[in-house]
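Listed here are the chains, written in short residue letters.
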Amino acid sequence: MKAIRRFTVRTVLPEQLQPLHELALNLRWSWHPETRDLFRSVDPEVWAATGEDPVRLLGEVPAARLAALATDRRFLRRLGDLADDLREYLTGPRWYQTRQQSDAAPLPAAIAYFSPEYGIAAALPQYSGGLGILAGDHLKAASDLGVPVVGVGLFYRHGYFRQSLSRDGWQQERYPLLDPDELAVSLLREADGTPGRVDLALPGGRTLAAHIWKAQVGRVPLLLLDSDIEANSPAERDVTDRLYGGGSEHRLLQEMLLGIGGVRAVRAYCRLTGHPAPDVFHTNEGHAGFLGVERIRELVADGRNGLDFAAALETVRAGTLFTTHTPVPAGIDRFDRELVARHFGGDAALPGVPVDQVLALGAESWHDGDPKLFNMAAMGLRLAQRANGVSTLHGEVSRSMFNGLWPGFDAAEVPITSVTNGVHAATWIDPAVVRLGAAELGAERAEEAMTTGETGRWTGLERIGNTEVWELRRALRAQLVEEARRRLHASWRRRGAGGAELGWVSSVLDPDVLTIGFARRVPSYKRLTLMLRDPERLRALLLHPTRPVQVVVAGKAHPADDGGKRLIQQMVAFADDPAVRHRIVFLPDYDMAMAQRLYPGCDVWLNNPLRPLEACGTSGMKAALNGCLNLSVLDGWWDEWYDGRNGWAIPTADESGGVLDPDSGEAERRDDIEAAALYDLIENQVAARFYDRDADGLPQQWIAMVRHTLVTLGPKVLAGRMVREYVERLYAPAAQAQRELVGEHPEASGRVAHPPRAEGRAGAGATTVGAGSERPEANGRVAAGRFTGARELAVWKAKVREAWPAVRVEHVEADCPAEAQELGSSLALRVQVALGALEPGDVEVQVVSGRVDERDRISDACLLALKPVGGPDLDGRTRYEGSLELCRTGPFGYTVRVLPAHPRLASPAELGLVALPAESAGMDAGLLR
């Protein structure tokens, strides 16, 4: 019989145990071992049965046990100490506050961080893979450093799917319903107790409404929008049903709710709590790109600002950062332009934001772009003055992939930088590794090392003895073996096996055998089955009589990806073979809980993507933090930090990094070559070194590599290092740029500011809860000096764009008496430039020089700015002069170009405008040999 209504009955804790609620509702417990130990001690059996979830634990622990704990003085002392520790963590100054006091320019008062998924803990399943785990680690590291981030996402009632296998190894998906009352979230409420709500207008007079759940991630609030509320029709209730589900319109509505609704949720949260309003907005991938459109709507709709669309756009761009994680165009969300037009036009239009302007933001205007599609990454880049990839190599790939947005510029000059991802140490380092480090460094210094990513904090680990390192590695391996056997037994039972058939599971894997791990999502480019290219070769490695190898594999394919599911089925079929099943296992339902045992227990972490399709690959970072060595294609972060002593690089068949068609014969040949290289490495280097023991049974060279990995990679791979880079290189400059455009305003000093209440129905642009409080200058007049910089910059850009067709390099002269020049000599250059309606102060005339290849392409370019000499001549041309020093030997060349110049541009390429010498006038690059 089915219930007609579902709700949760909460346990009433004795007064003495009330701090347990406080500890359970702050997700810091997920990375704070002492708090987890406290919850475990409440009832170890219930703790295990609830998946180590404090909220569920408190709902299921017997009342008699709670009564006993309420009189247990030792337990109450621990509880009081941990509650005090949490309050100190939440309120005390940390790295950001110290940095704020020492910096001349104020740091951002707050940063809003938008992501479609977050991997905070297995108990809050709102993630599918690396993007979500990265977002969760970003929030945790920001919390540890005291960075005032507000996270924004969606609350998926079914989360991502749970994975199991059929008898024949085919992936099965199920979507258990998540009850917010059973999770570490609370509903944001108005002062009168009613739920906070945001509304979005939809075509046909419909409204998409959402409540706002708040998860507290240490010091960082994470706002999650939930459309499964009674105010919505059935179709709108399902918008946030599951992560990455549904068709094109469903995805568009999710991304509108994340971006537009997310901004309104942030405004609501700031109004209700007094939290400083963000002056920097960071969108993690293109899914949240509509946040910029909503912020433009806010500024234009506020009559006190006196801003038009163009000035509002400049204001929004200055304070926005866009991070791309995508190495191929196919990974970008693209929608039919007509679908987007329907959702941003007519009765669904945002006031002050014409639909044609929205469509222009996402237009594929470059060569080979599809004019019928709306590109979310293109919109993200156009709405952000700053952008980055997530590793040095991925930055290069991104500059090439998005080069079409900056025509006339070489890929190297595309304004996309890189900040290499990092992982949150306290989440991913096994407690045993922490204890070993703390024994050498001291507990306080070990905690600082894991938090900040400062290299000096990690020195000292090299003194840990070989025996201690090896004993730790074996203990972690044994822990993984036990976990793998438990999960494998449960998986086979779900596949229909009886208990009598599963005696063999107890002998699966061996805590003394070299263990290789491979776990990640299963798109084709990650090549889950590369190790199966030569099954007999793999069997020989697994069953080697003196140097055996064992492999633990896990991963999920997208529910709609039958190709990925077939790869899993192939892997499972191989692992099911009785001849090798004690040496290779596939563990279904890969999630954070599994990962936290898998990374520490492996000796080697395998990663063999098609280069350069791995944007970063943070799973290898988590393994390295536990002393696991990496065996990887030189892609993502490994391309950047592999040094020959921290693991092995798998050679690639195409060292140029070109992307091959996976259906082509060339791609098949590449896989054969790289699989053979992988087998050779494992047999002749990896296994040989692991089993090379001294008289004490210790693999000295292996241990040296483990120690080197911990000391050198430890500080580099940390999310703390990553977040500090974001603050220093991107957040702080973005906040400063916005201050310059806006002028004196409350956000600049950290005071709270909110947008005004928009007129008209809530769905047309206002928000039921976020209709902000009054600004200090809320007297109905435009504040003096406000947004002057934004207006001036918008007017200047419009002038430059209109005048640019008339800008030309008309003549170049160089004092060059002989073709061959001597090193250290210089050339006197004179250039005639037609500026049309522009002034010399609107442009910069540059000489670009450097080595040239056989096609006369300049590399390793140096830039020299020429200076204007006198005014325009009778033909309206301005002369520029300068001296070019010849500082390199060999083939050398130069060219001249004109760029827009303004002190508030973040990059000379920002407008995508450049004037080069006309080929018809013989003005190609000058060549000196």
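All values reported here derive from a predicted model rather than from experimental measurement.

Asker: What is the right way to read the overall build of the protein chain from this model?
Answerer: Scanning the protein chain for helices and strands turns up 29 helices and 29 strands. The C-alpha atoms of the protein chain give a radius of gyration of 30 Å, which matches the 30 Å a tight globule of 929 residues would have. When the backbone C-alpha atoms are referred to their principal axes, the protein chain occupies close to 95 × 70 × 50 Å. Residues classed as buried in the protein chain amount to 57% of the 929 residues present. Put simply, the protein chain has 105 plus and 123 minus side-chain charges, and the middle of one group is 4 Å from the middle of the other.

Asker: What is the right way to read the side chain of Thr 652 from this model?
Answerer: The topology assignment puts Thr 652 in the loop between strand E22 (647-650) and helix H26 (665-690). Setting aside residues no more than four positions away along its own chain, Thr 652 makes contact with Val 633, Arg 670 and Glu 674.

Asker: For this particular structure, what's the right way to read empty space enclosed by the protein?
Answerer: If a probe as big as a water molecule is rolled over the atoms, it shows which places are left empty. Evaluated as defined, the whole model comprises eleven cavities of 30 Å³ or more. The set of elements that each furnish at least two residues to the lining of the second largest cavity consists of helix H18 (431-441), helix H19 (443-452), helix H20 (466-494) and helix H27 (700-713). The dominant element in the lining of the second largest cavity, judged by the number of residues it contributes, is H18, at six residues. Looking at side-chain class alone, the lining of the second largest cavity contains 17 nonpolar, three polar and one charged residues.

Asker: Is there a simple way to think about the state of the cysteines in this case?
Answerer: Structurally, a disulfide amounts to a covalent bond that connects the sulfur atoms of two cysteines. Going through the model one piece at a time under the given rule, you end up with zero disulfides. The cysteine Cys 602 is free of any disulfide, with Cys 628 supplying the nearest cysteine sulfur at 5.7 Å. Free cysteine Cys 616: the closest other cysteine sulfur is in Cys 628, separated by 16 Å. The exposure class assigned to Cys 616 is buried, which follows from its relative accessible area of 4%.

Asker: How should the pairing of strand E21 (residues 629-633) be read in this particular structure?
Answerer: The two faces of the sheet receive side chains in turn, since in a regular strand these alternate between them. Among the five residues in E21, five count as buried, and that is most of the element. Going residue by residue along E21, you find Leu 629, Leu 631 and Val 633 tucked away on one face and Asn 630 and Ser 632 tucked away on the opposite face as well. Where strand E20 (residues 604-607) meets E21, four bridges bridge the pair, whose relative direction is parallel. Counted as the bridge partner of Leu 606 is Leu 631 from E21. Read as a crossover between parallel neighbours, the route from E20 over helix H24 (residues 619-625) to E21 is right-handed. Bridge count between E21 and E22: four bridges; the pairing is parallel. By the bridge assignment for E22, Asn 630 is matched with Gly 647. Once you follow E21 into helix H25 (residues 636-641) and on to E22, the crossover reads as right-handed.

Asker: Any chance you could explain the sheet that holds strand E19 (residues 584-587) here in plain terms?
Answerer: The pairing of strands in a sheet comes from backbone hydrogen bonds and takes either a parallel or an antiparallel form. Taken in spatial order, the six strands line up as E19-E18-E17-E20-E21-E22 in an open sheet, and their pairing is parallel. One side of each edge strand has no neighbouring strand; the edge strands of this open sheet are E19 and E22. This sheet shows a mean twist of 20 degrees between the axes of neighbouring strands, independent of strand direction. With four bridges connecting them, strand E18 (residues 549-554) and E19 associate as parallel partners. Opposite Val 551, over in E19, you have Ile 584 as the bridge partner. Running over the sheet, helix H22 (residues 562-575) touches E18 and E19 and is turned about 140 degrees from E19.

Asker: Help me understand the packing of aromatic side chains, please; the structure alone is not making it clear to me.
Answerer: By convention here, two paired aromatic rings are described through the distance between centres and the angle between planes. Here the structure, examined in full by the defined rule, presents 20 aromatic pairs. Taking the centre distance of 5.9 Å and the plane angle of 85 degrees together, the rings of Trp 492 and Trp 504 count as edge-to-face. Of this pair, Trp 492 sits in helix H20 while Trp 504 sits in the loop between H20 and strand E17 (514-519), and the two are twelve residues apart along the sequence. Take Trp 492 and Trp 504: they sit in the same class, and that class is buried. Their ring planes at 85 degrees and their centres at 5.1 Å tell us that Phe 690 and Trp 702 sit as a pair that is edge-to-face.

Asker: Could you clarify how one ought to interpret the environment of Gly 319 in this entry?
Answerer: Position of Gly 319 relative to the elements: it lies in the loop between helix H12 (309-318) and strand E12 (320-323). Among the residues examined, Gly 319 registers a relative accessible area of 0% and is labelled buried. For the pair Gly 319 and Pro 278, spaced 41 residues apart in the sequence, the C-alpha separation amounts to 9.2 Å. Ignoring sequence-local partners within four residues, the contact set of Gly 319 consists of Asp 279, Val 280, Phe 281, Arg 295, Ala 734 and Gln 738.

Asker: What am I meant to see in a positive patch on the surface here?
Answerer: A surface patch of positive charge is lined by Arg 73, Arg 74, Arg 77 and Arg 78. Examined against the element boundaries, Arg 77 turns out to sit in helix H6 (residues 73-91).

Asker: Help me understand the pattern of salt bridges, please; the structure alone is not making it clear to me.
Answerer: It is possible for side chains of opposite charge to pair when their charged atoms get near one another. According to the stated counting rule, one finds 55 salt bridges in the structure shown. Across the salt bridge formed by Arg 533 and Glu 668, the nearest N and O atoms sit 3.2 Å from each other. Here Glu 668 lies in helix H26 and Arg 533 lies in the loop between E17 and helix H21 (535-542), a separation of 135 residues in the sequence. You can call Arg 533 partly exposed: its relative accessible area is 30%. When its relative accessible area of 39% is taken as the criterion, Glu 668 is described as partly exposed. Here Glu 881 makes a salt bridge to Arg 879, at a shortest N to O gap of 3.1 Å. Residue Glu 881 is classed as partly exposed on the basis of its relative accessible area, which comes to 27%. You can call Arg 879 partly exposed: its relative accessible area is 33%. Connected via shared salt-bridge partners are Arg 157, Asp 226, Asp 228 and Arg 237.

Asker: So what exactly am I meant to see when it comes to the packing of H18 against H19 here?
Answerer: Each pair of packed helices gets described by two things: the angle between the helix axes and the distance between those axes. Contact pair H18 / H19: the axes reach a minimum separation of 7 Å and the direction vectors enclose 120 degrees. Judged on the interaxial angle alone, H19 and H18 are oblique. Both H18 and H19 take part in a crossing whose hand is right-handed. Residues Val 434, Ala 438 and Leu 441 of H18 lie in contact with H19, whose contacting residues are Ala 443, Arg 445, Ala 446 and Met 450.

Asker: I'm lost on the environment of Leu 313 in this one. Help?
Answerer: Among the secondary structure elements, Leu 313 is positioned in helix H12. The exposure class assigned to Leu 313 is buried, which follows from its relative accessible area of 16%. The spatial distance from the C-alpha of Leu 313 to the C-alpha of Arg 295 is 8.6 Å, given a sequence separation of 18 residues. Not counting the four nearest positions on each side in its chain, Leu 313 is found in contact with Ile 296, Arg 382 and Leu 383.

Asker: Is there a simple way to think about the confidence of the model for the protein chain in this case?
Answerer: Close inspection of predicted coordinates is inappropriate in any region flagged by low pLDDT. For the protein chain, the mean per-residue pLDDT works out to 89, and 91% of the residues sit at or above 70. The low-confidence segment residues 745-782, where pLDDT is below 50, has 101 contacts with residues more than four positions distant or belonging to other chains.

Asker: Looking at this model, I keep getting lost on helix H2 (residues 33-42). Mind explaining?
Answerer: Given 3.6 residues per turn, any residue in an α-helix points the same way as the ones three and four places further on. All of the buried residues in H2 are Thr 35, Arg 36, Leu 38, Phe 39 and Val 42. Buried residues of H2, viewed axially, fall in a sector of 155 degrees; they line one side. Close packing links the buried residues of H2 with helix H1 (19-25), helix H3 (44-49), helix H4 (54-60), helix H5 (63-69) and H6.

What counts as what
Residues numbered from 1 in each chain as written. Predicted model: local features only at pLDDT ≥ 70, side-chain atom pairs only at ≥ 80, totals over all residues. Heavy atoms only, no water. Helix = DSSP H or I, 4+ residues; strand = E, 2+ residues; numbered from the N terminus. Rg over C-alpha atoms; globule rule 2.2 N^0.38 Å. Buried < 20%, exposed > 50% of the residue type's maximum accessible area, 1.4 Å probe, protein only. Lys, Arg positive; Asp, Glu negative; His and termini not counted. Charge placed at Lys NZ, Arg CZ, Asp CG, Glu CD. Contact = heavy atoms within 4.5 Å. 1 Å grid on protein atoms, 1.4 Å probe; cavity = no way out; pocket = protein on both sides within 12 Å on 5 of 7 lines; lining within 4 Å. Points joined across faces, edges and corners; volume = space filled by probe spheres on them. Nonpolar A, V, L, I, M, F, W, Y, C, P; charged D, E, K, R; others polar. Disulfide = S-S within 2.5 Å. Pairing = 2+ DSSP bridges. Right-handed = clockwise from strand over helix to strand, strands pointing away. Axes fitted to C-alpha atoms, helices over the stretch in contact; angles between N-to-C directions. Phe/Tyr/Trp six-rings, centres within 6.5 Å; stacked < 30°, edge-to-face > 60°. Patch = residues over 30% accessible without salt bridge, like charges linked within 9 Å, V, L, I, M, F, W, Y side chains within 5 Å. Areas by Shrake-Rupley, 256 points an atom, 1.4 Å probe, with all protein chains shown as cover. Salt bridge = Lys/Arg side-chain N within 4 Å of Asp/Glu carboxyl O. Parallel < 35°, antiparallel > 145°, perpendicular 65-115°, else oblique. Left-handed = near helix turned anticlockwise from the far one by under 90°. pLDDT = per-residue confidence, 0-100. Arc of directions from axis to C-beta.

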